[in-house]
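# Inside the fold
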Amino acid sequence: MSDQLIIFDTTLRDGEQSPGASMTKDEKLRIARQLERLKVDVIEAGFAASSNGDFDCVQSIASIIKDSTICSLARANDRDIARAAEALKPANRARIHTFIATSPLHMEKKLRMSPDEVFEQAKLSVRFARNLVGDVEFSPEDGYRSDPDFLCRVIEAVIAEGATTINVPDTVGYAVPELYGQFILNLRERIPNSDKAIWSVHCHNDLGMAVANSLAGVKIGGARQVECTINGLGERAGNCSLEEVVMAVKTRRDYFGLDVNIDAQHIVAASRLVSQTTGFVVQPNKAVVGANAFAHASGIHQDGVLKARDTYEIMRAEDVGWSANKIVLGKLSGRNAFKQRLQELGVVMDSESEINAAFTRFKDLADRKSEIFDEDILALVHMEGAEA
Ligand code: KIV
Ligand code: ZN
């Protein structure tokens, strides 16, 4: 099995399904360029058949992005698939991603189709798509809540029709890591032609487990593609977050043993771009891209990282595109962090007793003010006439 993990970004498709996150064509093109800079393997650029505007976006992205595979979503019908193929014509590498729901609930209540009808539709759609492009992904929507026997039957048939990627969505974020990983493994073991396709995970975050489930799908299930979005943007509670999954695999290479193409230095810029474009603020304590992800406020931690960064940092802020880690001065800070900040600000103090006096004033101020800025420090050192 390959030790390369394919990163499939769906910020522009599933991410845009987040209420209030719709993007203009120019905004989508800007994000697509940033995804290419990140070296995302596959960009799901939209759902070409859903509107003329989305068709235009997929076509434009397919024209300008040359280093990533460009994908369009399509329901499992000839019209959608033909529209996707048309929009993808300018792409260097094109993928059609076709889907149909396979869970009893979705088939009966939403599609109003019998399992046999869904089976036929899935097969015919993949066959039709394979006549148009060489790279076809199939998703059984609500796959995780589907009957495994039926799912095996559908997946075996679509692989026989030429599907090159099989994606198993946890559409409603119902999975838990171990069970989802086992679910994928079970399918792979039961389906005779399973090794003819790359297996993919697509997890929603309704119970806050999208990243954990995706990683379990990779580690336990043997999936080699993760579908994700920048900042975990997506419908309801969102999708699996690209930055978290990528940094987990990079930071814990000892455990996952996988390579990813992503150039992590562009992660923070991508996060900011998506946040500014959609107006979805990134929470400060969000892993990797939150403002506090590399900030240290307690004196003990500050002292630790000033002596050796890996005491409290498992990855480098600079590796994901921050200019540096952050020592936040406040009432929990110690003398060491204060002294370091004086040096960074170019403040020269003649003696240790002068530093001690300034540190005492700093602590007094910190008891009254939650965060101390550089301006506060300069003001308090000048109170005693120190040189700057
Ligand atoms: O969540 C989902 O099931 C999807 C499919 C269309 C892949 O987004
Ligand atoms: Zn989805």
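Nothing here was measured: the structure is a model prediction, and the numbers come from that model.

### Description of the overall build of the protein chain
A tally of helices and strands in the protein chain yields 15 helices and ten strands. Expressed along its principal axes, the backbone C-alpha trace of the protein chain runs to roughly 85 × 40 × 35 Å. Looking at the 388 residues of the protein chain, the share that counts as buried comes to 45%. Looking at the protein chain alone, contacts between residues at least 24 apart form 73% of all its contacts between residues at least 6 apart.

### As for the packing of helix H7 (residues 177–190) against helix H8 (residues 210–219)
Each packed pair of helices is defined by two parameters, the angle between the axes and the distance between the axes. Across the interface, H7 lies against H8 with an axial gap of 8 Å and an inter-helix angle of 40 degrees. Considering the relative orientation of H7 and H8, their crossing is right-handed. Here H7 contributes Pro177, Glu178, Tyr180, Gly181 and Ile184 to the contact with H8, which in turn contributes Ala212, Asn213, Ala216, Gly217 and Lys219.

### Considerations on the UniProt feature "binding site: Mn(2+)" (unreviewed entry) in the protein chain
The UniProt record marks Asp14, His202, His204 and Asn239 with the feature "binding site: Mn(2+)" (unreviewed entry), using the residue numbering of this structure. The greatest C-alpha distance among the annotated residues, which extend across 226 residues, is 10.4 Å, indicating that they converge on a single site. Tracing the backbone through its elements, the reader meets Asp14 in the loop between strand E1 (6–9) and helix H1 (25–37). The residues contacting Asp14, other than those within four sequence positions of it, are Thr229, Gly234, Glu235 and Asn239. Sequence-distant contacts of His202, defined by excluding residues within four places in its chain, comprise Ser139, Asn167, Pro169 and Glu227.

### A few points about unusual backbone geometry
At Asn231, a residue that is not glycine, the phi angle is positive and equals roughly 65 degrees. With respect to the helices and strands, Asn231 occurs in the loop between strand E8 (225–228) and helix H9 (242–251). Backbone geometry places Val288, a non-glycine residue, at a positive phi of 70 degrees. Secondary-structure assignment places Val288 in the loop between helix H11 (267–278) and strand E9 (295–296).

### Remarks on the UniProt feature "domain: Pyruvate carboxyltransferase" (unreviewed entry) in the protein chain
According to UniProt, the "domain: Pyruvate carboxyltransferase" (unreviewed entry) feature falls on residues 5–268. Each end of residues 5–268 is marked by a C-alpha atom, and these two atoms are 21 Å apart; helix forms 43% of the span and strand 17%.

### Quick notes on the nonpolar core
Within the largest apolar cluster, 96 residues are counted, with the highest numbers of intra-cluster contacts made by Ile7, Ile43, Ala45, Ile70 and Val245. Setting aside anything within four residues of it in sequence, one finds Ile70 in contact with Ile43, Ala45, Ile61, Ala62, Ile65, Leu88, Ala91 and Ala94. Membership of the second largest hydrophobic core comes to ten residues, among which are Leu329, Ala337, Phe338 and Ile377.

### Quick notes on the site of ligand 1
Taken together, the neighbourhood of ligand 1 is formed by Asp14, Phe99, Ser139, Glu141, Pro169, Thr171, His202 and His204. Of the residues assigned to the shell around ligand 1, the class counts are two nonpolar, four polar and two charged.

### Let's talk about the environment of Ala379
Turning to its location among the elements, Ala379 is positioned in helix H15 (residues 374–382). Spatially, the C-alpha atoms of Ala379 and Ser146 are 65 Å apart, while their sequence positions differ by 233 residues.

Parameters at a glance
Residues numbered from 1 in each chain as written. Chains lettered and ligands numbered in written order. Predicted model: local features only at pLDDT ≥ 70, side-chain atom pairs only at ≥ 80, totals over all residues. Helix = DSSP H or I, 4+ residues; strand = E, 2+ residues; numbered from the N terminus. Buried ≥ 20, exposed ≤ 12 C-beta atoms within 10 Å, placed from the backbone. Contact = placed C-beta atoms within 7 Å. Axes fitted to C-alpha atoms, helices over the stretch in contact; angles between N-to-C directions. Left-handed = near helix turned anticlockwise from the far one by under 90°. UniProt positions renumbered as here; feature names shortened; annotations may be inferred. Core = buried A, V, L, I, M, F, W, Y, C linked by C-beta atoms within 7 Å. Near = placed C-beta within 6 Å. Nonpolar A, V, L, I, M, F, W, Y, C, P; charged D, E, K, R; others polar.

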